[in-house]
Amino acid sequence: MKIKRKEQKTTEEYKKPDYVGYKHPPVKYRWQKGQTGNPHGRPKKDESFRAIAERELKKEVSLKENGHIRRVSLKVAIVKRCLADAAQGKIRNLEFILKVLNQSSPVPVAEELTAQEQEVWNSYFKEGEK
């Protein structure tokens, strides 16, 4: 008993625009000219915390200084606030500023602290321990 094979299609049949078969979907479902398979593109990657923080620190805020309102970046406003609080004797802000300064590029110190300045310096840290 012989098994009948399907008739081989000729190349002319494959070239017909309305041919339907393997890799030839019906005309209704084929891609239209200029249409892409991914219309919205690849989804954007989530931003890192660092990128978000850097972007937000560049935004400008209003700051009242000596009775005048100025527009400065958020980064500048935070530094000014920390310095003002440190000057008022808030130890945490002073420690934060010193830590940041030590992590950034070192600034050459012109002279050593005098004995009186060293006492004031030590008293700040003794108050912070209590």
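Residues numbered from 1 in each chain as written. Predicted model: local features only at pLDDT ≥ 70, side-chain atom pairs only at ≥ 80, totals over all residues. Heavy atoms only, no water.

### Thoughts on the overall build of the protein
Each helix and strand counted, the protein has five helices and two strands in total. Sorting the 130 residues of the protein into buried and exposed places 8% on the buried side. Residue pairs at least 24 apart in sequence account for 11% of intrachain contacts in the protein once pairs closer than 6 positions are excluded. Looking at the protein as shown, the accessible area adds up to about 13100 Å², and 55% of this sits on carbon and sulfur atoms. (Helix = DSSP H or I, 4+ residues; strand = E, 2+ residues; numbered from the N terminus. Buried < 20%, exposed > 50% of the residue type's maximum accessible area, 1.4 Å probe, protein only. Contact = heavy atoms within 4.5 Å. Areas by Shrake-Rupley, 256 points an atom, 1.4 Å probe, with all protein chains shown as cover.)

### Structural notes on the pairing of strand 1 (residues 60-65)
Walk down a regular strand and you will see the side chains alternate between the two sheet faces. Where strand 1 lies against strand 2 (residues 68-73), six bridges are found, and the strand directions are antiparallel. Bridge assignment links Glu65 to a residue of strand 2, and that residue is His68. Hairpin connection from strand 1 to strand 2: two residues lie between these consecutive antiparallel strands, with Asn66 at a positive phi of about 55°. (Pairing = 2+ DSSP bridges.)

### Comments concerning the pattern of salt bridges
Under the criterion given, the structure shown has eight salt bridges. Close ionic contact of Glu56 with Arg55 constitutes a salt bridge, the shortest N to O distance being 4.0 Å. Look at Glu56 and you get partly exposed, because its relative accessible area is 30%. Relative accessible area serves as the criterion here: at 39%, Arg55 is assigned to the partly exposed category. Arg81 serves as the salt-bridge partner of Asp85, at 3.4 Å between the closest nitrogen and oxygen. (Salt bridge = Lys/Arg side-chain N within 4 Å of Asp/Glu carboxyl O.)

### Re the confidence of the model for the protein
Across the protein, the average pLDDT comes to 81, with 82% of residues at or above 70. For the protein, the element scoring lowest by mean pLDDT is helix 1 (residues 11-15), at 72; helix 2 (residues 49-57) scores highest, at 93. (pLDDT = per-residue confidence, 0-100.)

### Overview of unusual backbone geometry
Positive phi outside glycine occurs at Lys23, with the angle close to 65°. Relative to the helices and strands, Lys23 is located in the loop between helix 1 and helix 2. Judged by relative accessible area, Lys23 falls into the exposed class, the value being 66%. Despite not being glycine, Asn66 shows a phi value in the positive range, around 55°.

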